[in-house]
Amino acid sequence: MQIEYITTRTLENSKGEPKGKVRILKLVGEANATIEFKCPECGFEAKWEEAWKEPFVEGKGANQKFNLKCKSCNFSIKLSKLKKEIKKKK
Ligand SMILES: [Zn+2]
């Protein structure tokens, strides 16, 4: 299986403390991404699939952003792609 996008990030809570984390994995040809999430705000941990489109994915290519929301406390997080994660097209 080929990976289209993968990222692992530390997430900060509303006080700026790095208490959570997330891993986003999207395989080529799959409609969904797999999310492994630990909420920095409430500590809730879960793994689920998210459709690779709005409202989860916003924008296109290098400007894509990901909208995450804790399923327990509704704490919302927006992630941008990192420069090193963006593959150059040949
Ligand atoms: Zn939470």
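See the structure above.
Rules of the game
- Residues numbered from 1 in each chain as written.
- Predicted model: local features only at pLDDT ≥ 70, side-chain atom pairs only at ≥ 80, totals over all residues.
- Pairing = 2+ DSSP bridges.
- Helix = DSSP H or I, 4+ residues; strand = E, 2+ residues; numbered from the N terminus.
- Axes fitted to C-alpha atoms, helices over the stretch in contact; angles between N-to-C directions.

Some remarks on the sheet that holds strand E6 (residues 65-69)
Taken in spatial order, the three strands of this open sheet run E5-E6-E7, and their pairing is antiparallel. Here the strands that pair on one side only, and so sit at the sheet edges, are strand E5 (57-58) and strand E7 (76-80). Alignment of E6 against E7, held across five bridges, turns out to be antiparallel. Across the sheet, the residue bridging to lysine 69 is serine 76, located in E7.

Details of the sheet that holds strand E1 (residues 3-11)
On the basis of which strands lie adjacent, the open sheet formed by four strands has the order E1-E2-E3-E4 and antiparallel pairing. With one partner strand each, in any of the chains shown, E1 and strand E4 (45-51) form the two edges of the open sheet. Taking the axes of each pair of neighbouring strands and ignoring which way they run, one obtains an average angle of 15° across the sheet. Pairing geometry for E1 and strand E2 (residues 20-27), over eight bridges, is antiparallel.

Just geometry here; none of it tells us what the structure is for.
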